[in-house]
Amino acid sequence: MATVVLCVPPDKSISHRSLMFSSLTRGTTKVQNFLFAQDCLSTAGILKALGIRMRLDPKRRRVEVEGRGKFSFTAPKGVLFAGNSGTTMRIMTGVLAGQDFESVLDGDDSLRRRPMQRVIRPLSLMGARIESHNGRAPLRILPARLRGIRWDSSLSSAQVKSAVLLAGLHAEGRTYYRERVPSRDHTERMFRLFGRPLRRYKGFLIVDGRWELESPGEIFVPGDISSASFFLAYGVLRPGVELVVRRVGVNPTRMGMVDVLKRMGARVRLVDKVDYAEPYADIVVKSTNLRPVKIRSEEIPRLIDEVPIIAVLASFAKGKSVIEGVDELRVKESDRVEAIRGNLVAFGVDVRVVKRKDRIDLEIWGGRPLVIPKRIRTWKDHRIAMAFGVMTAVLGGDLDRIDDRNCVDISYPEFWETLSRVSQGVDYGC
Ligand code: S3P
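Residues numbered from 1 in each chain as written. Predicted model: local features only at pLDDT ≥ 70, side-chain atom pairs only at ≥ 80, totals over all residues. Heavy atoms only, no water.

J.: Mind laying out the site of the ligand, listing which residues take part and the relevant values?
T.: Taken together, the neighbourhood of the ligand is formed by Ser13, Arg17, Thr87, Arg90, Ser157, Ala158, Gln159, Arg184, Ile304, Asp305 and Lys332. At 2.7 Å, a side-chain N or O of serine 157 approaches an oxygen atom of the ligand. For the ligand, whose accessible area on its own is 390 Å², the fraction buried by protein is 95%. Per-class residue counts for the shell around the ligand are two nonpolar, four polar and five charged. A domain split of the shell around the ligand shows at least three residues from each of domain 1 (12-220) and domain 2 (225-423). (Near = heavy atom within 4 Å. Polar contact = N/O pair within 3.5 Å; in protein donor to acceptor, adjacent residues only side chain to side chain. Areas by Shrake-Rupley, 256 points an atom, 1.4 Å probe, with all protein chains shown as cover. Nonpolar A, V, L, I, M, F, W, Y, C, P; charged D, E, K, R; others polar. Domains from an automatic or database assignment.)

In structure tokens:
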């Protein structure tokens, strides 16, 4: 069996946060293995526009940030543009809510359609003054003095959690935040890394407005499990290969896809695990015949960005798979429920979107003959493009059928090159 070794881009969520935290801290922080892709460059651009000095070195994948403390930002000259990045816009709204100057955050057409009320509501309760267009960008954030609140969120969203916790750093008193199902905990880990581990009380995370952060000096960003998931799927579906993805972040709050792969019968294992602030390991997969799977709503936060590729896997597993509670996918970079449904139908898969009283489920009947459609739509959404790129490659189809392949640039600019090299069995040796 041929072994193919590859590396995936650095983690997007951790890259965003490493710049934000470094900017709010006194001292210099070196971010090693930063993701030089459009979304994280939007965050860098905004922080620079707020007066933060940073040296970006794309060749070495390194950024050096000179922080001057949590109230050191200066008023921006123009609109702060978050591009396609929901993480940038939502978390930066929390960072900017308690500043003493006005700022305007805007984004591309897709970002302007995404709901921002979820951050505006708790932040307004803290005293923030945010003007929006019916809860959507552009957002005008007026100067305000914040006070701590206790927010019991019905939504499981790491972006909302991070916005409120970082606003709490600029607020008077303590801010308490609780969510029903835990979302990814990179922000909590950053607080710890920057010398302020969050205390917990009855499930609430607590931030004290008096805190100053302390730079750890250096941060290493591991590979992105969400980017790796496309190749893990490829390795499972493509007979005769063993695929090794090196130094991938294996934070337990992001590992839903690996659990699902195991439940589907895939041969997947973690080797050489390193217990850093954000743990990482090599992930090894071999091809297998898959079983269908049932994924419950409570599992969704741990695999939220992997649903498109899991839907692709389910199409190859003989029988009925169910992914429950996919509602949040409707408000991602595209309406991913519709994008998944539309593309699966085009590939000849029997798929149904079932609207229940309190949630939306995806039902997929896999294991039937598949066809490669003439045109594969991306909806300008990176994860839809990559998921259906993998499906096309596994079926031996031509990747030119995928419209607008450039949309992967926001998280994984080298994706198509890597996919074609991996398809040819070329070892990256990284
Ligand atoms: C992210 C959180 C998730 C995820 C997104 C990145 C983050 O969004 O889908 O790609 O970095 O905090 P939600 O917080 O809206 O679930």
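Moving on from the model shown.
J.: Explain the nonpolar core to me, using residue names and the numbers behind them.
T.: Core analysis: the biggest nonpolar cluster contains 74 residues, and Phe231, Val307, Ile323, Val326, Leu344, Phe388 and Phe415 have the highest contact counts within it. Counting 64 residues, the second-largest nonpolar core is a separate cluster that includes Phe34, Val164, Phe191 and Leu198. (Core = buried A, V, L, I, M, F, W, Y, C linked by side-chain atoms within 4.5 Å. Buried < 20%, exposed > 50% of the residue type's maximum accessible area, 1.4 Å probe, protein only.)

J.: Describe the domain arrangement of the protein, listing the residues and the values that go with them.
T.: Domain boundaries in the protein define domain 1 (12-220) and domain 2 (225-423). Placing the centre of domain 1 and that of domain 2 at their C-alpha centroids yields a distance of 28 Å. Across the boundary between the two partners, domain 1 contributes 27 residues, which contact 24 residues of domain 2. Here domain 1 and domain 2 share an interface that buries about 2,100 Å² over both sides, 51% of which is from carbon and sulfur atoms. Interface area lost by domain 1 to domain 2 is led by Arg184, Arg189 and Phe220, which between them contribute 29%. Put simply, domain 1 and domain 2 have three salt bridges between them. Applying the counting rule to domain 1 against domain 2 returns 13 residue pairs in polar contact (both at pLDDT 80 or more). When residues of the side of domain 1 that touches domain 2 are traced back to their parent elements, those giving at least two are α1 (12-23), α2 (38-49), α7 (186-193) and β15 (218-220). The residue makeup of the side of domain 1 that touches domain 2, split by class, is 11 nonpolar, seven polar and nine charged. (Contact = heavy atoms within 4.5 Å. Buried area = accessible area lost by both parts, 1.4 Å probe. Salt bridge = Lys/Arg side-chain N within 4 Å of Asp/Glu carboxyl O. Helix = DSSP H or I, 4+ residues; strand = E, 2+ residues; numbered from the N terminus.)

J.: Which residues make up the pattern of salt bridges, and what values go with them?
T.: According to the stated counting rule, one finds 42 salt bridges in the structure shown. A salt bridge links glutamate 64 to arginine 55; the shortest N-O distance between them is 2.7 Å. Residue classification places arginine 55 among the partly exposed positions, given a relative accessible area of 49%. Between arginine 356 and aspartate 361 there is a salt bridge whose closest N-O contact spans 2.8 Å. We classify arginine 356 as partly exposed; its relative accessible area is 39%. Each of Lys294, Arg296, Lys320, Glu324, Arg356, Arg359, Asp361 and Glu363 takes part in one network of salt bridges that share partners.

J.: Quick rundown of the packing of α1 against α7? Include the residues and the values.
T.: Contact geometry of α1 with α7 gives a least axis separation of 10 Å together with a crossing angle of 40 degrees. Judged by the angle between their axes, α1 and α7 are oblique. As α1 runs across α7, the sense of the crossing is right-handed. Taken together, the residues of α7 that come into contact with α1 (itself represented by Ser13, Ile14, Arg17, Ser18 and Phe21) are His186, Thr187, Met190 and Phe191. Its residues assigned to classes, the contact of α1 with α7 shows four nonpolar, four polar and one charged. (Axes fitted to C-alpha atoms, helices over the stretch in contact; angles between N-to-C directions. Parallel < 35°, antiparallel > 145°, perpendicular 65-115°, else oblique. Left-handed = near helix turned anticlockwise from the far one by under 90°.)

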